[in-house]
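Examination of the molecular architecture
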Amino acid sequence: MSNSDIFIGETIGTAVLILLGGGVVAAVTLKNSKARGAGWLAITFGWGFAVLTAVYMTSGLSGAHLNPAVTLGIAIKDGTWSNVPVYLAGQMLGAMIGAVLFVVAYYGQFMTHLTDRAIIGDPADKPVEGSHSAKAGPILGIFSTGPEIRIVWQNLATEILGTAVLVLSVLTQGLNAEGKGLGPLGALITALVVVGIGLSLGGPTGYAINPARDLGPRIVHALLPLPNKGGSDWGYAWIPVVGPLAGGALAAGIYNLAFA
């Protein structure tokens, strides 16, 4: 794969991932969305289908990492690092593009939701920036993850564990005597693993398990001029970056010890 193929594939794939994944959260969250209130099952399966679509679409172009933790895990496993910056650049750009696109798709719902006093309260009572309510933000959860209970070590451990399961499942797919992978079935298996992680480990933090998926849309949330959008919670933002990267490295270490 050339660097241009990698960059284009990762940009397109990650944009589709975030468009569909963020889109399902917007659908469940925002006022005047037909899917409002559909709940956690809709979100977890929506993200799973987003992974399935994006991986199937771009696996032939870039290998469809779509996640810096996956890229890191593969680099540690194979000992090849030359293409890592290209993968990361495409993933971050794609994540930001995807976030802009789901805002376009739900623009009317965002504006209606963010100007409804029953939802946001009286703008005159805006929380002071830096307070917990300002950090949480009324729509930040559509863009990025956040914990239900803020316990740093627990939040970090949850992201490490979830990502380790994801990356180890990617690294071990289709292992057999010939060392061949599963081809197109890999997209389905990865999607089902993501659904499983969401159902089992997503409750505490919202299961970022992907630094680009969390950081790219968080940057877009901070930049977009949406009214009453709340803060971007930068004090928490390092956890869904560091945790998944540590989880990816842990998965590669386990692979090299147990499977290589």
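Everything here concerns the structure above.
Our subject in this report is the structure included herewith. (Residues numbered from 1 in each chain as written. Predicted model: local features only at pLDDT ≥ 70, side-chain atom pairs only at ≥ 80, totals over all residues. Heavy atoms only, no water.)

**A closer look at the side chain of Arg-213**
- Within the secondary structure, Arg-213 is located in helix α11 (residues 211–223).
- Buried and unpaired, Arg-213 has Asp-214 as its nearest opposite-charge partner, separated by 4.6 Å.
- Non-local contacts of Arg-213, meaning those with residues more than four positions away in its chain, are made with Ile-18, Trp-47, Phe-143, Ser-144, Thr-145 and Ala-208. (Helix = DSSP H or I, 4+ residues; strand = E, 2+ residues; numbered from the N terminus. Buried < 20%, exposed > 50% of the residue type's maximum accessible area, 1.4 Å probe, protein only. Lys, Arg positive; Asp, Glu negative; His and termini not counted. Salt bridge = Lys/Arg side-chain N within 4 Å of Asp/Glu carboxyl O. Contact = heavy atoms within 4.5 Å.)

**A few points about the pattern of salt bridges**
- As enumerated under the stated definition, the model contains 4 salt bridges in all.
- In this structure, Arg-150 engages Asp-233 in a salt bridge whose closest nitrogen and oxygen atoms are separated by 2.3 Å. Note that Arg-150 is positioned in the loop between α8 (140–143) and α9 (152–171) and Asp-233 in the loop between α11 and α12 (239–258), a separation of 83 residues in sequence.

**Some words on the nonpolar core**
- Judged by nonpolar contacts, the single largest core of 39 residues is most densely connected at Leu-17, Trp-47, Phe-102, Phe-110, Ile-139, Ile-142 and Phe-143.
- When residues of this core are traced back to their parent elements, those giving at least two are α1 (3–29), α2 (40–62), α4 (84–105), α5 (107–114), α8, α10 (185–201) and α11.
- Tallying contributions element by element places α1 first for this core, with 8 residues.
- Excluding residues within four positions of it along the chain, Leu-17 makes contact with Gly-22, Trp-47, Ala-50, Val-51, Ala-54, Leu-66 and Asn-210.
- If you look at the next biggest cluster of nonpolar residues, it comprises 7 residues, including Val-70, Leu-171, Ala-251 and Tyr-255. (Core = buried A, V, L, I, M, F, W, Y, C linked by side-chain atoms within 4.5 Å.)

**Looking at a nonpolar patch on the surface**
- There is a patch of nonpolar side chains on the surface, built from Phe-7, Ile-8, Ile-12, Met-57, Leu-61, Leu-93, Ile-97 and Leu-101 and spanning about 610 Å² of accessible area.
- Secondary structure elements with two or more residues in the nonpolar patch: α1, α2 and α4.
- On the secondary structure map, Phe-7 appears in helix α1.
- Take Phe-7: its relative accessible area is 32%, and that puts it in the partly exposed class. (Patch = residues over 30% accessible without salt bridge, like charges linked within 9 Å, V, L, I, M, F, W, Y side chains within 5 Å. Areas by Shrake-Rupley, 256 points an atom, 1.4 Å probe, with all protein chains shown as cover.)

Treat this as a map of the structure, not an account of what it does.
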